[in-house]
Amino acid sequence: MNAAERISRLRTLMAAKGIDAYVVPTADFHQSEYVGEHFKARKFISGFSGSYGTVVITRDDGGLWTDGRYFFQAENELKDSGIRLMKMFVKDTPSIPEFLSDCVPRGGTVAFDGRVLSMGEGKEYEAVLSPKQIRIHYLADLIGEIWEDRPALSDKPAFFLEEKYTGESTASKLVRVRKVMEEHGADSHIIASLDDVCWLLNIRGDDIDFFPLVLSYAIVKMDSVELYVDASKLDGRIQAELAGNQVTIHPYNAIYEDVKAMNASETVLIDPMKINYALYKNIPCKIVEAANPTILMKAMKNETELENIRKAHIKDGAAVTKFMHWIKTRYDKEPITELSAAAKITELRAAQEGYIRDSFEPLCAFADHAAMMHYSPSEETDAALTSGAFFLNDTGGGYYEGSTDITRTFVLGSVDDQMKRYFTAVVRAMMRLSRARFLHGCYGYNLDVLARGPIWDLDLDYQCGTGHGVGYLANVHEPPAGFRWYVAPDKNEHHQLEEGMVITDEPGIYEDGKFGIRIENEFVVRKGVQNKYGQFMYFETITFAPIDLDGIDPEEMSRDEREWLNHYHEQVYEKIGPHLTEDERKWLKEYTRPV
């Protein structure tokens with residue numbers, strides 16, 4: 001069936017059940033950004049394959065809400081589906097609750113699977129829809145009823161992450177979490193987000209492609225932990241570690257009934273952005289709403305983690321540099337396509353010691369494909385690399401020492417002056433943010449303009465954030481800090497920049513139907529000088545791979561910008577050169593020359 005046929009079957013089911021509108025978000029039961037195959041309901045019903053978006057199907061209409069990263073891609077993939085693109089954060093685009101309030105009749109019914117909708121979203125629906133007496137049916141998995149060959153839940157094994165990688169034991173982490181619980185007067189704390197559970201218990205797994213996490217929930221109490229997971233995934237080592245920390249294992253879905261049995265006199269701490277609506281509705285006792293304590297704890301990497309992450313970036317930089325050499329010296333001598341390039345960078349990473357898997361799906365985009373910010377090649381769209389264009393590759397590796405995320409745009413052959421000017425502007429934008437000095441207390445939105453400045457000077461912009469937090473062998477997009485020029489509550493970037501946070505810096509220029517340019521490094525937030533003005537902070541760059549000098553116009557750069565780039569390339573040669581062959585090192589010397 002195509003998307004239109006699947007939507008027709010859904011509407012037939014909706015009519016039979018008296019449902020006026022059905023909501024299908026991009027989520028699993030844990031509000032994960034990326035989900036396993038079993039949970040790709042939104043892709044199933046709409047055909048849209050992007051990582052972010054929500055579909056709403058009514059009796060005679062349909063819309064997909066997604067952000068600027070995916071506008072171009074969504075318009076292509078939604079063709080003939082009958083679903084309209086609803087551009088989020090664009091003037092006059094209604095929110096989903098507003099749309100439902102307008103199109104659902106008074107006394108009508110809105111339905112969804114409450115396990116894949118966040119508590120915060122569900123409560124917003126309640127607030128907006130209740131004035132029209134619109135009912136909410138949150139136990140309706142209609143997609144499951146029409147998806148006949150739906151993939152099963154993952155049963156892949158978990159693994160234990162030793163303290164030489166984590167820098168902190170589960171016992172120590174539990175002490176810190178329980179201290180925050182005490183501050184909130186909570187007897188228990190429900191954790192439904194996978195990266196928070198896995199960080200707390202020092203376990204990882206393979207239940208989501210590219211994200212080494214385990215499908216699980218946890219309830220932390222003052223003297224024990226209840227873990228809800230498929231026990232067959234846990235080997236003897238993990239079970240022993242858990243038992244030593246008073247962790248009791250329960251079946252994965254048993255939490256919904258166990259929560260109902262909580263004592264009414266208890267107080268439970270939950271994060272409204274990190275717990276699903278169905279689970280929230282089952283809680284019978286007093287609720288305290290606050291961010292999961294683990295979110296900030298895991299974002300502020302300890303010194304063991306940071307030292308490991310630096311090692312991971314050297315390995316990754318070597319793989320990316322080898323990849324750049326391979327592309328630049330061979331694209332015009334042998335057939336190379338987007339897919340074969342993606343396979344090559346994965347092969348080069350896999351050769352590095354400690355490699356586990358890529359940290360996200362490789363985004364290898366040639367020429368006009370790169371105008372779609374998160375384009376990922378397929379058999380149907382695979383393009384061959386040729387001269388006279390840009391090749392954008394946004395990729396990352398997952399190692400025992402941490403996760404990486406790097407984007408480089410390569411110049412193939414020669415490009416025109418405008419393309420060089422734009423390329424240089426993106427490099428200048430990336431370095432301007434990376435060079436920032438600022439007082440402690442700043443948020444990402446205070447500094448985002450530093451990156452956008454050189455691009456705004458061209459009367460251009462990019463319709464996404466400038467950077468995001470990066471997890472330690474966990475989510476590659478990690479809250480609670482990031483860079484964007486506006487406050488976006490749904491992105492959970494609500495915290496000021498703190499020492500130890502690892503964040504990306506990835507401005508870009510995207511010209512629809514022509515090309516895309518993005519340059520991305522990661523850095524660590526560090527403390528600098530403290531004086532009468534306060535605590536100054538700075539960013540330590542930890543990504544090392546050459547920036548393609550074939551795209552740089554030095555005349556467009558100031559003296560200090562050229563000095564920064566030259567110093568950066570000196571470091572690249574010093575750190576990465578020893579890991580290359582003689583031919584690769586000779587090539588790298590040329591591509592790290594002073595400008």
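As the structure is a prediction and not an experimental result, all values here were calculated from the model.

A. Molecular detail of the overall build of the chain. A count of helical and extended segments in the chain gives 19 helices and 28 strands. At 24 Å, the chain has a C-alpha radius of gyration in line with the 25 Å of a compact globule built from 595 residues. Projecting the C-alpha coordinates of the chain onto the three principal axes gives extents of approximately 70 × 55 × 50 Å. Within the chain, the fraction of its 595 residues that count as buried is 61%. Surface accessibility of the chain: about 23,200 Å² in total, with carbon and sulfur atoms responsible for 48%. Counting 67 positive and 94 negative side-chain charges, the chain places the averaged centre of each group 2 Å from the other.

B. Inspection of the layout of surface pockets at higher detail. Its volume calculated, the second largest pocket comes out at about 220 Å³. In terms of lining residues, the second largest pocket is bounded by 14 residues, among which G68, A371, M373, Q463 and D512 are the most central. In terms of residue count, helix α3 (residues 71-77) provides more of the lining of the second largest pocket than any other element does, 3 residues in total. Here the residues of the lining of the second largest pocket sort into 7 nonpolar, 2 polar and 5 charged.

C. Geometry of the packing of aromatic side chains. A complete count under the given rule lists 31 aromatic pairs for this structure. Centre to centre, the rings of Y277 and Y280 are 6.2 Å apart; their planes meet at 40°, and the pair counts as tilted. Residue Y277 and its partner Y280 are both found in helix α12 (residues 277-281); the two are separated by 3 residues, about one turn of the helix. Y280 shares its class with Y277; the two are buried.

D. Structural detail: the nonpolar core. Counting 90 residues, the largest nonpolar core has L100, V110, I190, Y217, I255 and L279 as the members making the most contacts within it. Tallying contributions element by element places helix α9 (residues 194-201) first for this core, with 6 residues. Excluding residues that lie within four positions of it along the chain, L279 makes contacts with I190, A192, Y217, I255, Y256 and V259.

E. Local environment of the pattern of salt bridges. Going through the model one piece at a time under the given rule, you end up with 40 salt bridges. Here R452 makes a salt bridge to D461, at a shortest N to O gap of 2.8 Å. By relative accessible area, R452 is classed as buried at 0%.

F. Up close: empty space enclosed by the protein. A full pass over the atoms with the stated rule returns 4 cavities of 30 Å³ or more. Estimated volume of the largest cavity: approximately 120 Å³. Lining of the largest cavity is provided by 13 residues; of these, A41, D113, V116, D141 and R150 occupy positions nearest its centre. Considering every element that reaches the lining of the largest cavity, the biggest residue donor is strand β1 (residues 21-24), with 3 residues. Here the residues of the lining of the largest cavity sort into 10 nonpolar, no polar and 3 charged. In terms of lining, the second largest cavity is formed by G444, Y445, G482, R484, Y486, V487, A488, E493 and H495.

G. Broad picture of the sheet that holds strand β18 (residues 397-399). Here we have 3 strands laid out as an open sheet, ordered β15-β18-β19, and antiparallel in their pairing. In this open sheet, the two edge strands, each paired with only one partner strand, are β15 (355-358) and β19 (402-403). Examined bridge by bridge, β18 and β19 share 2 bridges and lie antiparallel to one another. Within β19, the residue paired with G398 across the bridge is S403. Where helix α14 (residues 303-330) meets the sheet, its contacts fall on β18 and β19, and the angle it forms with β18 comes to roughly 135°. Most of the contacts of helix α15 (residues 338-350) go to β15, to which it runs at about 165°, and overall it touches β15 and β18.

H. Layout of the pairing of strand β24 (residues 502-505). Here β24 shows a buried face lined by V502 and T504 and a second buried face lined by I503 and D505. Sheet analysis places β24 next to strand β27 (residues 521-531), joined by 4 bridges and oriented antiparallel. From the neighbouring strand, I503 faces β27, where its bridge partner is F523.

Quick notes on the rules
The numbering scheme is per chain: residues are counted from 1 as the chain's sequence reads. With pLDDT at 70 or above as the cut-off, local features in this predicted model cover only qualifying residues; side-chain atom pairs require 80 or more to be listed or tallied, and sums for whole chains, interfaces and linings still use all residues. The basis for every side-chain value is the complete set of non-hydrogen atoms in the structure, without hydrogens or water. Segments assigned H or I by DSSP are reported as helices when at least four residues long, segments assigned E as strands when at least two residues long, and all are numbered from the N terminus. C-alpha atoms define the radius of gyration in this analysis, and the globule rule sets the expected value at 2.2 Å times the number of residues to the power 0.38. Only protein chains enter the accessibility calculation, which uses a 1.4 Å probe. A residue is then buried if its area is under 20% of the maximum for its type, exposed if over 50%, and partly exposed in between. Where accessible areas are quoted, they stem from the Shrake-Rupley method and a 1.4 Å probe; at the residue level, only the protein chains shown are allowed to cover. Residues counted as positive are Lys and Arg, residues counted as negative are Asp and Glu, and His and the chain ends are not counted. Charged side chains are reduced to one point each, which is NZ for Lys, CZ for Arg, CG for Asp and CD for Glu. Site definitions follow a grid-based scheme: protein atoms alone, a 1 Å grid, a 1.4 Å probe that fits but cannot get out for cavities, and for pockets an open set with protein on both sides within 12 Å along at least five of seven lines, plus lining residues having an atom within 4 Å of a point. Grid points are joined across faces, edges and corners, and a volume is the space filled by probe spheres set on the points. In this classification, the charged set is Asp, Glu, Lys and Arg, the nonpolar set is Ala, Val, Leu, Ile, Met, Phe, Trp, Tyr, Cys and Pro, and all remaining amino acids, among them Gly, are polar. Each Phe, Tyr or Trp ring (for Trp, its six-membered ring) is paired with any other whose centre lies within 6.5 Å, and the angle between the two planes then decides the class: stacked below 30 degrees, edge-to-face above 60, tilted in between. Buried Ala, Val, Leu, Ile, Met, Phe, Trp, Tyr and Cys residues form a nonpolar core when they are joined through side-chain atoms within 4.5 Å. Contacts between residues were defined by any pair of non-hydrogen atoms, one from each residue, lying within 4.5 Å. Each reported salt bridge corresponds to a side-chain nitrogen of Lys or Arg within 4 Å of a carboxyl oxygen of Asp or Glu. Only strands joined by at least two bridges in the DSSP assignment are considered to pair. Helix axes are fitted to C-alpha atoms over the stretch in contact, other axes to C-alpha atoms as well, and angles between N-to-C directions run from 0 to 180 degrees.

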